[in-house]
Amino acid sequence: MPYIEALVPTIVVALVFWFVIRAVSNVDRSERAAEAKVDEQIKLAEQRKDNKSPKADN
């Protein structure tokens, strides 16, 4: 029984650490996806702006 009592705090701390790292990883993944989406929208807006602006070909 003393072995279990000695290991329980370590296991609990390891599980908490794992949940925190997993949460940070998920937040980072969703932030990168949102940033990529915004970047794509900016590129599309710039392309539309370029297509609508009059060009001086002469």
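Rules used in this analysis
Residues numbered from 1 in each chain as written. Predicted model: local features only at pLDDT ≥ 70, side-chain atom pairs only at ≥ 80, totals over all residues. Heavy atoms only, no water. Helix = DSSP H or I, 4+ residues; strand = E, 2+ residues; numbered from the N terminus. Buried < 20%, exposed > 50% of the residue type's maximum accessible area, 1.4 Å probe, protein only. Areas by Shrake-Rupley, 256 points an atom, 1.4 Å probe, with all protein chains shown as cover. Phe/Tyr/Trp six-rings, centres within 6.5 Å; stacked < 30°, edge-to-face > 60°. Salt bridge = Lys/Arg side-chain N within 4 Å of Asp/Glu carboxyl O.

A look at the overall build of the protein
- Helix and strand content of the protein: one helix and zero strands.
- Of all 58 residues assigned to the protein, the portion counted as buried reaches 0%.
- When the accessible surface of the protein is summed, it comes to about 5,800 Å², and 63% of that surface belongs to carbon and sulfur atoms.

Thoughts on the packing of aromatic side chains
- Summed over all chains, the structure comprises one aromatic pair.
- Ring plane angle 65 degrees and centroid distance 5.0 Å describe the contact between Trp18 and Phe19, whose orientation is recorded as edge-to-face.
- For Trp18, a relative accessible area of 46% puts it in the partly exposed group.
- Since its relative accessible area comes to 45%, Phe19 is described here as partly exposed.

What about the pattern of salt bridges?
- Per the counting criterion, the structure on display carries one salt bridge.
- A salt bridge links Asp28 to Arg32, with the shortest nitrogen-to-oxygen separation between them at 3.0 Å. Residue Asp28 and its partner Arg32 are both found in helix 1 (residues 2–52); the two are separated by four residues, about one turn of the helix.
- Residue classification places Asp28 among the partly exposed residues on the basis of a relative accessible area of 34%.
- We classify Arg32 as exposed; its relative accessible area is 57%.

Everything listed is a geometric property; what it means functionally is a separate question.
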